[in-house]
Amino acid sequence: MLNALLAPLPPALRERLHDYLVLMRLDRPIGALLLLWPTWWALWLAAKGTPPLGIWLIFTVGVFLMRAAGCVINDYADRKLDPQVARTAGRPIACGRIAPRSALKLFAALLALAFLLVLLTNRLTIELSFAGAALAALYPFSKRYTSLPQVVLGAAFGWSIPMAFAAVQGTVPALGWLLFLANVLWSTIYDTEYAMVDRADDLEAGARSTAILFGDADLPILGVLIASLLLTLLLIGTRATLGWPWYVALIAAAAQFAWQLWIMRARDPAQGLRAFRQNNWLGMTLWLGLALALALR
């Protein structure tokens with residue numbers, strides 16, 4: 001897709017832009033979608049229905065900018081680790097096609113663009129955005145100092161939730177923090193599935209992850225995390241007085257999680273990646289259930 005978009009450009013410029021777009025993972029939108037769905041959950045819950053168009057646009061565009069920024073700083077932090085992992089050895093910084101200093105400049109530019117969007121909201125949202133930027137910058141380095149980088153990712157990916165409530169309501173109620181907790185659980189689940197793909201390479205390279213921490217108890221622990229997430233989502237439904245579409249969506253999500261655990265039972269890396277990618281559909285399922293439940297009130 002990127003090659004088709006860049007085809008009219010001169011070869012040298014086309015190759016250079018391609019490297020930067022790959023650095024921002026614009027060739028792999030799955031990560032942006034996993035950030036988008038909980039942002040939309042928060043916007044719809046905060047607005048108790050369809051959110052204002054302007055706020056929806058700010059947060060939707062902001063999701064793609066912040067995801068791109070997160071990918072850039074992640075590859076900068078992992079520039080010495082990525083060459084040791086087969087799946088990441090070909091990334092632009094790891095193989096020398098983009099200089100680390102250039103990546104830092106791009107990261108700063110993306111953060112600046114996202115902050116300009118936030119300036120169109122209110123004071124509380126702007127204040128919360130500084131914590132969000134700090135989490136985005138902190139996550140890539142967390143895998144060196146903690147075995148729970150997936151939890152840090154969940155906080156970084158989920159920080160759009162309190163920001164969305166702040167933008168719509170001017171405050172962050174208990175429901176917003178409960179949804180934030182749900183996203184931390186969900187992100188830990190799907191990023192553990194992702195980390196299981198690279199577990200052997202990460203062990204050799206000295207990186208840390210929940211996949212390594214959980215060891216051969218990974219699937220039972222994922223089951224506990226899934227049950228905790230579903231319970232949290234159930235509590236959200238009761239606190240927000242959501243109707244039957246939300247509970248149908250929860251049943252569908254439980255079925256999707258069961259399918260993920262089933263296909264990963266042999267711990268085949270290819271199936272772990274397949275389970276990880278399925279979470280995009282799970283996030284969409286929950287958003288559809290939430291939007292319909294609010295529309296039918």
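Everything below is about the structure printed above this text.
Rules behind the numbers
- Residues numbered from 1 in each chain as written.
- Predicted model: local features only at pLDDT ≥ 70, side-chain atom pairs only at ≥ 80, totals over all residues.
- Heavy atoms only, no water.
- Helix = DSSP H or I, 4+ residues; strand = E, 2+ residues; numbered from the N terminus.
- Rg over C-alpha atoms; globule rule 2.2 N^0.38 Å.
- Buried < 20%, exposed > 50% of the residue type's maximum accessible area, 1.4 Å probe, protein only.
- Areas by Shrake-Rupley, 256 points an atom, 1.4 Å probe, with all protein chains shown as cover.
- Lys, Arg positive; Asp, Glu negative; His and termini not counted.
- Charge placed at Lys NZ, Arg CZ, Asp CG, Glu CD.
- Salt bridge = Lys/Arg side-chain N within 4 Å of Asp/Glu carboxyl O.
- Axes fitted to C-alpha atoms, helices over the stretch in contact; angles between N-to-C directions.
- Parallel < 35°, antiparallel > 145°, perpendicular 65-115°, else oblique.
- Nonpolar A, V, L, I, M, F, W, Y, C, P; charged D, E, K, R; others polar.
- Expected span 1.5 Å × (residues − 1).
- Arc of directions from axis to C-beta.
- Contact = heavy atoms within 4.5 Å.
- Core = buried A, V, L, I, M, F, W, Y, C linked by side-chain atoms within 4.5 Å.
- Phe/Tyr/Trp six-rings, centres within 6.5 Å; stacked < 30°, edge-to-face > 60°.
- Lys NZ or Arg CZ within 6 Å of the ring centre and 35° of its normal.

Undergrad: So what's going on with the overall build of the protein chain? Which residues, and what values?
TA: Broken down by element type, the protein chain carries 14 helices and zero strands. Here the C-alpha atoms of the protein chain give a radius of gyration of 19 Å, agreeing with the 19 Å that 2.2 N^0.38 yields for 297 residues. By its C-alpha atoms, the protein chain is 55 × 45 × 35 Å across when sized along the principal axes. Counting only residues that meet the buried cut, the protein chain has 54% of its 297 residues in that class. Working note: accessible area of the protein chain is about 13,300 Å², and carbon and sulfur atoms make up 69% of it. Positive and negative side-chain charges of the protein chain, numbering 24 and 16 respectively, have mean locations separated by a distance of 7 Å.

Undergrad: Tell me about unusual backbone geometry, and name the residues and values.
TA: Peptide bonds are, in most cases, trans, and in most cases residues other than glycine have a negative phi. Despite not being glycine, arginine 25 shows a phi value in the positive range, around 60°. For arginine 25, the location among the structural elements is in the loop between helix H2 (11–23) and helix H3 (30–47). Judged by its relative accessible area of 9%, arginine 25 is buried.

Undergrad: I'd like to hear about the pattern of salt bridges, residue by residue, with values.
TA: Under the criterion given, the structure shown has six salt bridges. Between aspartate 75 and arginine 91 there is a salt bridge, and its shortest N-O distance comes to 3.3 Å. Here aspartate 75 is found in helix H4 (residues 53–77), whereas its partner arginine 91 is found in the loop between H4 and helix H5 (100–118), with 16 residues between them in sequence. On the basis of relative accessibility, which here comes to 0%, the residue aspartate 75 falls in the buried class. A salt bridge links aspartate 218 to arginine 267; its shortest N-O distance comes to 2.8 Å. Taken together, the residues span a long stretch of sequence, with aspartate 218 in helix H12 (residues 218–239) and arginine 267 in the loop between helix H13 (244–263) and helix H14 (269–295) at a distance of 49 residues. The exposure class of aspartate 218 is buried, given its relative accessible area of 0%. A residue is classified by how much of its surface remains accessible, and arginine 267, at 33% relative accessible area, is partly exposed.

Undergrad: Describe the packing of H13 against H14, with residues and values.
TA: Axis separation between H13 and H14 bottoms out at 8 Å; the angle between their running directions is 175°. Considering the angle they form, H13 stands roughly antiparallel to H14. Class assignment for the residues of the contact of H13 with H14 results in 16 nonpolar, seven polar and one charged.

Undergrad: Lay out H13 with the relevant residues and their values.
TA: For H13, with 20 residues, the first-to-last C-alpha span of 29 Å sits near the 28 Å given by 1.5 Å per residue. What H13 keeps buried is the set Pro245, Trp246, Ala249, Leu250, Ala253, Gln256, Phe257, Gln260 and Ile263. Burial along H13 is one-sided: seen end-on, the buried residues are contained in an arc of 150°. Opposite its buried face, H13 presents the exposed residues Trp244, Ile251 and Trp262, each directed more than 90 degrees away. Where H13 is buried, its residues contact helix H9 (174–197), H12 and H14.

Undergrad: Break down the nonpolar core for me, citing the residues and quoting the values.
TA: In terms of nonpolar packing, the biggest core is built from 93 residues, with Leu45, Phe165 and Leu286 touching the most fellow members. Among the elements that line this core, the one with the most residues is H9, at 13 residues. Not counting residues within four places of it along the chain, the set of residues in contact with phenylalanine 165 comprises Ala42, Leu45, Ala46, Gly170, Thr171, Val172, Pro173, Leu175, Gly176 and Leu179.

Undergrad: Mind laying out the environment of leucine 33, listing which residues take part and the relevant values?
TA: For leucine 33, the position within the fold is in helix H3. Residue classification places leucine 33 among the partly exposed residues on the basis of a relative accessible area of 24%.

Undergrad: Run through the packing of aromatic side chains, naming residues and quoting values.
TA: Taken as a whole, this structure holds 14 aromatic pairs when the rule is applied. Judged by centre distance (5.6 Å) and plane angle (85°), the ring pair of tryptophan 37 and tryptophan 40 falls under edge-to-face. Highlighted residues: tryptophan 37 and tryptophan 40, both in helix H3, separated by three residues, approximately one helical turn. Tryptophan 37 sits in the buried class, given a relative accessible area of 8%. Of the residues examined, tryptophan 40 reaches a relative accessible area of 12% and is grouped as buried. Taken together, the ring pairs connect Trp37, Trp40, Trp44, Trp56 and Trp287 into an aromatic cluster. Positioned above the aromatic ring of tyrosine 76, the side-chain terminus of arginine 79 is 4.2 Å from the ring centre. Across the ring face of tryptophan 262, the terminal group of arginine 265 is positioned such that the distance to the ring centre comes to 3.8 Å.

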